[in-house]
Amino acid sequence: MIIPTPPDIFAEDCSFIYSLLEETMKEPTSTTTTTTTATKRRRQEEEEGNNMKKRTTTTAAAAPKKKQKKEALKELVTSFLLLEQEEQQEKLLESSDEIQQLIETNHRQKKQTMIDYYNDLQDDYTDLEQQSDQFYIQQSRLSTANKIAAASAISTAAANKGLSAKEGKVQSGGNQRRLWVKDRSTAWWDQCSHPDYPEADFRKEFRMSKETFNLICDELSKDVVKVDTMLRQAIPVRQRVAVCIWRLATGAPLRHVSERFGLGISTCHKLVLEVCLAIKTVLMPKFLQWPDEEKLKNIEKEFESVSRIPNVVGSMYTTHIPIIAPKISVSAYFNKRHTERNQKTSYSITVQGVVDPKGVFTDVCIGWPGSMPDDQVLEKSALYQRANGGQLKGSWIVGSSGYPLMDWVLVPYTQHNLTWTQHAFNEKIGDIQRVGESAFARLKGRWGCLQKRTEMKLQDLPVVLGACCVLHNICEMRNEEMDPDVKFELFDDEMIPENSLRSMSSIKTRDNIAHNLLHHGLAGTSFL
């Protein structure tokens, strides 16, 4: 700020005043400068405060964005990891499927190679047997020719000397037995076949009387007889039948059969199969057939007199025959229930049979694997097909709790907490069940080959078991008594089927039968 200079007159007097004025004028400028600086500082502080606030707000606003970015990154990383894990799992699954396929193919190849190997072995054995037979035949022809020539020379020399053929100890004839055959003793069979042999001893050995044995020989003579040859004499019919029946009755190994009858082991095996096949083809149509209408009526009357249950034409039961583990389908023949009970691995085939009141078989189903339950064996049988075709309409076949209740199969009540009516029905139906069980017990007791594992092939067993059932019927029809020492106790476990009630009409019919048994005084009091 510029101050005007005063006039010269008052210069000395007013110099002091001017100095004061200058000082006073200088003070407000300093104050203004201080105020401006203060305001500037305040503005700077405010700006800095605002900047700080903006920074804090921006940082506060940026924090959730950073969190969101981090979460998004985490999600991306986890998704990538999951994708990698899924890819790895898919690769593992693909590799495991490939490994499983490789294992299955290797198993099939090994199985096929083993089957081919066994088939090749059997073919080789058959070829060797044929070659050996041809060799023996050639040798026998040469030896017999030489022996015949020697015998003729000796006989002529003996004739010239006046000696008989007996003194020469060799006879010239076409019926001479082969000299290369091993000489075996037939003393036991000669003793058994003698007319003076005791009846009780014969029955003990062959499970039947001499009369029944002769009947079987007469029936099979046309199909079993063989003709004598130049090389050797044929085995007689009675001896052929005796080999088969004694083998079935005792279950003895083939070497024991060979020792008893003076025959070779392979010869005994062939005789058993030949005679069993003849029994199945010749005797089964005569002695094991489904009865006609007249016989069915008599069977119904006999069963009704036993149990008071009408229209019953048979008692059905299924048993298991132990076998050696087969080469093919081993698991199908594995018998789990017998294995658990005996604590020993067991394999078996089934025999399902229907019997009349006398214990005679009227229907059999043989050869299904032992792992199948009773209801599945029934469904595979020819009896099931005939019954569904209407052949058993209006009739009942009584079975155990292992069979389902159907329009033609009558079974006991299996639920818990039975009523008196149901108890009475189970008691009466149990009388019919025991007829079938006792028939199978006599079957296994009479023919010891059914009690233990046999040496026969699996494909030959149905023929042998069928022959046993036919022979059982012949013995039962002729009232052949059994020795008490050969009685057998059955151990066949029953499994209730999953679908045990397959007919609503049969449920009502069974309830009506049970009601009539109790309320008409036909049930007795044994169930109380």
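Owing to the predicted nature of the structure, the values given are computational and were not obtained by experimental measurement.

Asker: Talk me through the overall build of the protein; I want residue IDs and the actual numbers.
Answerer: Looking only at helices and strands, one finds 14 helices and five strands in the protein. Summarising the internal contacts of the protein: among those between residues at least 6 apart in sequence, 70% fall at separations of at least 24. Roughly 33,400 Å² of accessible area belongs to the protein as shown, and the carbon and sulfur atoms make up 53% of that amount.

Asker: So what's going on with the confidence of the model for the protein? Residues and values would help.
Answerer: Scored by pLDDT, the protein has a mean of 81; 75% of the residues are at 70 or more. Overall, residues 26-34 carries pLDDT values under 50, and its contacts beyond four positions in sequence, including any with other chains, amount to zero contacts. Within the model, the stretch residues 161-179 combines pLDDT values under 50 with 20 contacts to residues more than four positions away or in other chains.

Asker: Please set out the packing of aromatic side chains residue by residue, giving values where relevant.
Answerer: Each aromatic ring pair is described using two quantities: the centre-to-centre distance and the angle formed by the ring planes. Taken as a whole, this structure holds 13 aromatic pairs when the rule is applied. Pairing W189 with F261 gives two aromatic rings, centres 5.7 Å apart and planes at 40°, and the pair type is tilted. Separated by 72 residues along the polypeptide, W189 in helix 2 (residues 187-192) and F261 in helix 6 (residues 254-261) bring together distant segments of the chain. Summarising the burial analysis for this pair, W189 and F261 share the class buried. Here the aromatic residues W188, W189, F202, F206, F213, W246 and F261 are joined through ring pairs into a cluster of three or more. Its guanidinium or amino end placed over the ring of W290, R386 lies 5.8 Å from that ring's centre, counting from NZ or CZ.

Asker: Now, about the packing of helix 7 (residues 265-287) against helix 13 (residues 461-477): what can you tell me, with residues and values included?
Answerer: Between helix 7 and helix 13, the shortest axis-to-axis distance is 8 Å and the interhelical angle comes to 50°. Looking at the two axes, helix 7 sits oblique to helix 13. In terms of crossing hand, the pair formed by helix 7 and helix 13 is left-handed. Between helix 7 and helix 13, the residues in contact are L273, C276, L277, I279, K280, L283, M284 and F287 and V463, V464, G466, A467, V470, L471, N473, I474 and M477, respectively. In terms of residue class, the contact of helix 7 with helix 13 is built from 14 nonpolar, two polar and one charged.

Asker: Outline the pairing of strand 1 (residues 312-323), listing residues and values.
Answerer: Buried residues dominate strand 1, accounting for 11 of its 12 residues. For strand 1 and strand 4 (residues 396-398), the ladder comprises three bridges, and the chain directions are parallel. Bridge pairing links V312 to W396 in strand 4. Examined bridge by bridge, strand 1 and strand 2 (residues 347-355) share nine bridges and lie antiparallel to one another. By the bridge assignment, S315 is partnered in strand 2 with V355.

Asker: Residues and numbers for the side chain of H472, please.
Answerer: Considering the arrangement of structural elements, one finds H472 in helix 13. For H472, a relative accessible area of 0% puts it in the buried group. When sequence neighbours within four positions are dropped, the list of residues in contact with H472 reads G359, F361, A439, R442, L443, R446 and W447.

Asker: An account of the sheet that holds strand 1 is requested, with residue identities and associated values reported.
Answerer: The strand order across the open sheet built from five strands is 3-2-1-4-5, with neighbouring strands paired in mixed fashion. Only two strands of the sheet have a single neighbouring strand rather than two, namely strand 3 (361-369) and strand 5 (409-410). Here helix 8 (residues 293-307) sits on the sheet and contacts strand 1 and strand 2; the angle it forms with strand 1, its principal contact strand, is near 85°. Packed on one face of the sheet, helix 13 meets strand 1, strand 2 and strand 3 and runs near 160° to strand 3.

Asker: Can you break down the nonpolar core residue by residue, with the values?
Answerer: With 102 residues, the main nonpolar core has F206, L220, F261, W408 and W447 as its most contacted residues. In contact with F261, other than residues within four places in its own chain, are S185, T186, W188, W189, F206, Q239, A242, V243 and W246.

Asker: Can you tell me about the pairing of strand 2, naming the residues and giving the values?
Answerer: When you tally the buried positions in strand 2, you get nine out of nine residues, the bulk of the element. With burial as the criterion, each face of strand 2 is covered, one bearing Y347, I349, V351, G353 and V355 and the other bearing S348, T350, Q352 and V354. As judged from the six bridges shared by strand 2 and strand 3, these two strands associate in the antiparallel manner. By the bridge assignment for strand 3, V355 is matched with F361. Between strand 2 and the antiparallel strand that follows it, strand 3, lie five residues; G359 among them carries a positive phi value of about 85°.

Asker: Give a detailed account of the side chain of E300, specifying residues and quantitative values.
Answerer: Its place among the elements puts E300 in helix 8. Nearest to the buried, unbridged E300 among oppositely charged side chains is K297, at 8.0 Å. Once residues within four sequence positions are removed from consideration, E300 is found in contact with N311, V312, V313 and S395.

Calculation notes
Residues numbered from 1 in each chain as written. Predicted model: local features only at pLDDT ≥ 70, side-chain atom pairs only at ≥ 80, totals over all residues. Heavy atoms only, no water. Helix = DSSP H or I, 4+ residues; strand = E, 2+ residues; numbered from the N terminus. Contact = heavy atoms within 4.5 Å. Areas by Shrake-Rupley, 256 points an atom, 1.4 Å probe, with all protein chains shown as cover. pLDDT = per-residue confidence, 0-100. Phe/Tyr/Trp six-rings, centres within 6.5 Å; stacked < 30°, edge-to-face > 60°. Buried < 20%, exposed > 50% of the residue type's maximum accessible area, 1.4 Å probe, protein only. Lys NZ or Arg CZ within 6 Å of the ring centre and 35° of its normal. Axes fitted to C-alpha atoms, helices over the stretch in contact; angles between N-to-C directions. Parallel < 35°, antiparallel > 145°, perpendicular 65-115°, else oblique. Left-handed = near helix turned anticlockwise from the far one by under 90°. Nonpolar A, V, L, I, M, F, W, Y, C, P; charged D, E, K, R; others polar. Pairing = 2+ DSSP bridges. Core = buried A, V, L, I, M, F, W, Y, C linked by side-chain atoms within 4.5 Å. Lys, Arg positive; Asp, Glu negative; His and termini not counted. Salt bridge = Lys/Arg side-chain N within 4 Å of Asp/Glu carboxyl O.

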